[in-house]
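# Chains, contacts and geometry: an overview
Here is how the chains run, residue by residue.
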Amino acid sequence: MTLYMKLGGRKAVMQAMPRLKQRLEQDECFDLSGFREEFERSDDLTEFLIFLSGGAPFYDGKPVCELLSPICTCSDLYARFVDHLVSAFFGGRAGTGDETEFRRLLDRLRPQVLSPKPVAPVLVYSVEPETLSA
């Protein structure tokens, strides 16, 4: 059973988003001015969390570094964000194996969010059709 199913599926992820938004708004460490769109108009964060937890085979929204870097500008803020996210999903219940698994997944994302590596450009060559025939 995937973490997505253990969490309660799409409905549970969508229900956690308002709780996450409220927690982040109440935390004076976070400036949500550049992130409100993720809650109000974009579903990228929701869709990414569904993908991350095993509920979707692919994710085609914003890259995670672009998605979270506006509010997770350092390691401490990322840790606080993870705490708020876990609390929004697990509601303060005692630590469970599911919570540990979720934290482990988010911890593996830390390098991509905090120090994304540039992607090398892809070289595209134009070849004449007659050159391709043997």
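It should be noted that the structure appears before, not after, this text.
The paragraphs below set out a description of the structure included in this document. Position numbers for residues start from 1 in each chain and track the written sequence from start to end. Whole-chain, interface and lining totals are the exception, using all residues; otherwise, since this is a predicted model, local features are given only for residues with pLDDT of at least 70 and side-chain atom pairs are given and counted only at 80 or more. For side-chain calculations, the full set of non-hydrogen atoms in the structure is used, while hydrogens and water are omitted.

## Thoughts on helix α2 (residues 9–26)
Comment: elements are numbered from the N terminus, with helices defined as DSSP H or I runs of at least four residues and strands as E runs of at least two. A helix's residues, less one, multiplied by 1.5 Å, set its expected span. Spanning 18 residues, α2 covers 26 Å between terminal C-alpha atoms, matching the ideal 26 Å at 1.5 Å per step. Buried, partly exposed and exposed residues are distinguished by accessible area as a fraction of the type maximum, computed with a 1.4 Å probe on protein chains only: under 20%, between the cut-offs, and over 50%, respectively. All of the buried residues along α2 are Gly9, Ala12, Val13, Ala16, Met17, Leu20 and Leu24. Against the buried residues of α2 lie α1 (3–7), α3 (36–40), α4 (44–52) and α6 (75–90). What makes two residues a contact is simply this: any of their non-hydrogen atoms within 4.5 Å.

## Side note on the environment of Arg23
Its location among the elements puts Arg23 in helix α2. On the basis of relative accessibility, which here comes to 32%, the residue Arg23 falls in the partly exposed class. The sequence separation of Arg23 and Ser87 amounts to 64 residues, and the corresponding C-alpha distance is 8.8 Å.

## Overview of the nonpolar core
Nine residue types can take part in a nonpolar core, namely buried Ala, Val, Leu, Ile, Met, Phe, Trp, Tyr and Cys, and a core is a set of them joined through side-chain atoms within 4.5 Å. Counting residues in each nonpolar core, the largest one holds 36 residues, and the members touching the most others are Leu20, Leu45, Leu49, Leu68, Phe81, Phe89 and Phe102. Elements that contribute at least two residues to this core include exactly α1, α2, α4, α5 (64–68), α6 and α7 (97–114). Broken down by element, the residue count for this core peaks at nine residues, all from α6.

## Some points on the packing of aromatic side chains
A pair of aromatic rings is counted whenever rings of Phe, Tyr or Trp (Trp by its six-membered ring) have centres within 6.5 Å, and the orientation is called stacked for planes under 30 degrees apart, edge-to-face for over 60 and tilted otherwise. One pass over the full model with this rule turns up five aromatic pairs. On the numbers, 6.3 Å between centres and 50° between planes, the contact of Phe48 with Phe51 is tilted. Placement of both Phe48 and Phe51 in helix α4 is noted, with a separation of three residues, approximately one turn of the helix. A relative accessible area of 32% means that Phe51 is categorised as partly exposed. Taken together, a centroid distance of 5.2 Å and an interplanar angle of 75° make the contact between Phe48 and Tyr59 edge-to-face. Here Tyr59 lies in the loop between α4 and α5 and Phe48 lies in helix α4, a separation of eleven residues in the sequence.

## Quick look at the environment of Gln112
Along the chain, the position of Gln112 falls in helix α7. As for Gln112 and Ser69, which are separated by 43 residues in sequence, their C-alpha atoms are 9.4 Å apart. Beyond its immediate chain neighbours, meaning those up to four positions away, Gln112 contacts Val64 and Cys65.

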